[in-house]
Amino acid sequence: MKILKNISLQPFNTFGINAKTQFYVEATNIAELQSILKLSELKNSHLLVIGGGSNILLTKDFDGFVIKNNILGKTIIEETSDYVVVKIGGGENWHGFVEYAIANNWGGVENLSLIPGTVGAAPMQNIGAYGVEIKEVFESLEAVEIATGKLKTFNSKDCQFGYRESIFKKEAKDKYIITGVLLKLKKHSHQLNTSYGAIKDTLMEQGISNPTIKDVSKAVISIRQSKLPDPKVIGNAGSFFKNPTIDKIDFEGLRLEYSDLPGYVVSPTEVKIPAAWLIEQCGWKGERRGNIGVHTKQALVLVNYGGGDGSEIKKLSEDIQSSVAEKFGIVLSAEVNFV
Ligand code: EPU
């Protein structure tokens, strides 16, 4: 294991923020991770575990120890004629795994194509897109407890999945490092989810009426590429805020004033509203402040055009929150984690 000192984290966060860390180390297997956790330097420091760095905003230099999870591997744990259970190393690139699943014609993760980040980070916020969340194919995960170095297993119930939520963002926050994830994918009779309007439209444009798993993945990739900036070109962390859920009564009240307010009923009493719509209505879409701004094609995505500072992006996000709260009385909460 090689401990680096005072290095820039720029290559390790998709916002491309040039903040430094005091210590940096990569873990390539569980035993190595367990010995890193015993290091005396680490015991007295702040700890930040990163995967693909695609859901963090570095607001300043990090005075502590960064561990990058580089635990790789894809192993078939169980296989029947109907399904396969695959164990994937937490450090594997998520989309790389999706491509592997699609190459094998295994169904379940095609709607989650092209999501940046790693497999280990995926259950943490129950990644979701185009009508599917990882919890639908989730079997279990293995995680090392930071305090003890012990390896523990969490099943779906233990993970307490919700919309962009899991136990790892609540009571287990900063307590575990996810080293491996087991997903169950379908080999036959997979029910494709093409209910999302944009997927239907894209398939129709392509003249595809009987889509395959690969067709759906390709449609999702083309939708994402048309709306979301490629982090390799423009720094970003995908959706910056979560879509808020409000009371149906409040929704109906707002509709009297804003008749085109979009909303999706999520329970008999609650409606989820696209944060992008609220942000756009407040005039923020395409806003530019020097090196940072709000993406021109998706108001929910904040961007670093290059050389931007994390604290500037944080300030922009707070200004957006204030104006949305003032205009609509809705408080947006960040999906991205501030460091
Ligand atoms: N909209 C606007 N202005 C915009 C963009 C969107 O008004 O600039 C409105 C439109 O009414 C549109 C609606 O927002 O119909 C929904 O937009 P979109 O389909 O782009 O999805 P989203 O709600 O903005 C969510 C996820 C994305 C995920 C897409 C597709 C959250 C926080 N975000 O975005 O996830 O890819 O749905 O399922 O739930 C991410 O989490 O990083 C992410 C990119």
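Computed from a prediction, not measured in an experiment: that's the story for all the values here.

## Quick look at the sheet that holds strand β5 (residues 62-69)
Taken together, 4 strands build an open sheet; the order of strands is β1-β2-β5-β3 and the sheet is mixed. Taken across any chain shown, the strands that pair with only one partner, and hence form the sheet edges, are β1 (4-8) and β3 (46-50). Put simply, the sheet's adjacent strands are angled 40 degrees from each other on average, direction ignored. When β3 meets β5, the two strands line up parallel, connected through 5 bridges. Bridge pairing in β5 links Val 49 to Ile 67.

## Some details on the packing of aromatic side chains
Centre-to-centre distance and the angle between the planes together describe a pair of aromatic rings. Applying the stated criterion to the full structure yields 16 aromatic pairs. For the ring pair Trp 277 and Phe 328, a centre distance of 5.9 Å and an interplane angle of 55 degrees mean the geometry is tilted. With Trp 277 in helix α8 (residues 275-281) and Phe 328 in helix α9 (residues 310-328), this pair connects stretches of sequence that are 51 residues apart. Assigned by exposure class, Trp 277 and Phe 328 land together as buried. Taken together, the aromatic side chains of Phe 15, Phe 240, Phe 241 and Phe 338 make up a single cluster linked through ring pairs.

## Quick word on the packing of helix α5 (residues 197-205) against helix α6 (residues 213-227)
Where α5 contacts α6, the axes come no closer than 9 Å and their chain directions differ by 110 degrees. By the angle between their directions, the pair α5 and α6 is classed as roughly perpendicular. Here α5 contributes Ala 198, Ile 199, Thr 202 and Leu 203 to the contact with α6, which in turn contributes Asp 215, Ala 219, Val 220, Ser 222 and Ile 223. A per-class count over the contact of α5 with α6 returns 6 nonpolar, 2 polar and 1 charged.

## Let's talk about the site of the ligand
Close to the ligand lie 23 residues, the nearest being Tyr 130, Tyr 163, Arg 164, Tyr 196 and Glu 280. Between the ligand and the protein, one listed contact pairs an oxygen atom with a side-chain N or O atom of Arg 224 at 3.4 Å. Here an oxygen atom of the ligand sits 2.9 Å away from a polar atom, N or O, in the side chain of Glu 335. Taken by itself the ligand offers 820 Å² of open surface, and the protein chains cover 82% of this. Elements supplying a minimum of two residues to the shell around the ligand: α6, β13 (235-239) and α8. Element by element, the count of residues in the shell around the ligand is highest for α8, at 3 residues. Its residues placed into classes, the shell around the ligand shows 12 nonpolar, 4 polar and 7 charged. When residues of the shell around the ligand are assigned to domains, at least three map to each of domain 2 (74-186) and domain 3 (235-338).

## With respect to the nonpolar core
In terms of nonpolar packing, the biggest core is built from 44 residues, with Leu 278, Ile 279 and Ile 320 touching the most fellow members. Contributions of two or more residues to this core are made by β3, β4 (56-57), β5, α7 (248-257), α8, β18 (292-294) and α9. Looking at which domains feed residues into this core, each of domain 1 (4-69) and domain 3 (235-338) gives three or more. Contact partners of Ile 320, with chain neighbours within four places excluded, come to Phe 241, Ile 279, Trp 284, Val 294, Leu 302 and Leu 332.

## Focus: unusual backbone geometry
The phi dihedral of Asn 126 is positive, around 45 degrees, even though this residue is not glycine. Of note, Asn 126 is situated in the loop between α3 (94-103) and β8 (128-129). Judged by relative accessible area, Asn 126 falls into the buried class, the value being 0%. One non-glycine residue, Gln 160, lies in the positive phi region at around 50 degrees. Along the chain, Gln 160 falls in the loop between α4 (156-159) and β12 (176-186). By relative accessible area, which is 31% here, Gln 160 ends up partly exposed.

## Structural notes on the pattern of salt bridges
Per the counting criterion, the structure on display carries 11 salt bridges. Ionic pairing is found between Lys 152 and Glu 145, a salt bridge with its closest N-O pair at 3.5 Å. Judged by relative accessible area, Lys 152 falls into the partly exposed class, the value being 31%. Put simply, Arg 289, Lys 315 and Asp 319 are held in one network by salt bridges that share partners.

## Considerations on the environment of Thr 269
Structurally, the position occupied by Thr 269 is in the loop between β15 (264-267) and β16 (270-272). In this view, Thr 269 contacts Ile 246, Asp 247 and Lys 248; residues no more than four positions away in its chain are not counted.

## Digging into the pairing of strand β19 (residues 301-304)
Here β19 shows a buried face lined by Val 301 and Val 303 and a second buried face lined by Leu 302 and Asn 304. Pairing of β13 with β19 involves 3 bridges; the strand directions are antiparallel. Directly across from Asn 236, in β19, lies its bridge partner Val 303. Relative to β19, β18 runs antiparallel, the two sharing 3 bridges. Following the sheet pairing, Val 294 is matched in β19 by Leu 302.

What counts and what doesn't
Residues numbered from 1 in each chain as written. Predicted model: local features only at pLDDT ≥ 70, side-chain atom pairs only at ≥ 80, totals over all residues. Heavy atoms only, no water. Pairing = 2+ DSSP bridges. Helix = DSSP H or I, 4+ residues; strand = E, 2+ residues; numbered from the N terminus. Axes fitted to C-alpha atoms, helices over the stretch in contact; angles between N-to-C directions. Phe/Tyr/Trp six-rings, centres within 6.5 Å; stacked < 30°, edge-to-face > 60°. Buried < 20%, exposed > 50% of the residue type's maximum accessible area, 1.4 Å probe, protein only. Parallel < 35°, antiparallel > 145°, perpendicular 65-115°, else oblique. Contact = heavy atoms within 4.5 Å. Nonpolar A, V, L, I, M, F, W, Y, C, P; charged D, E, K, R; others polar. Near = heavy atom within 4 Å. Polar contact = N/O pair within 3.5 Å; in protein donor to acceptor, adjacent residues only side chain to side chain. Areas by Shrake-Rupley, 256 points an atom, 1.4 Å probe, with all protein chains shown as cover. Domains from an automatic or database assignment. Core = buried A, V, L, I, M, F, W, Y, C linked by side-chain atoms within 4.5 Å. Salt bridge = Lys/Arg side-chain N within 4 Å of Asp/Glu carboxyl O.

Bear in mind that shape data such as this cannot, by itself, settle questions of function.
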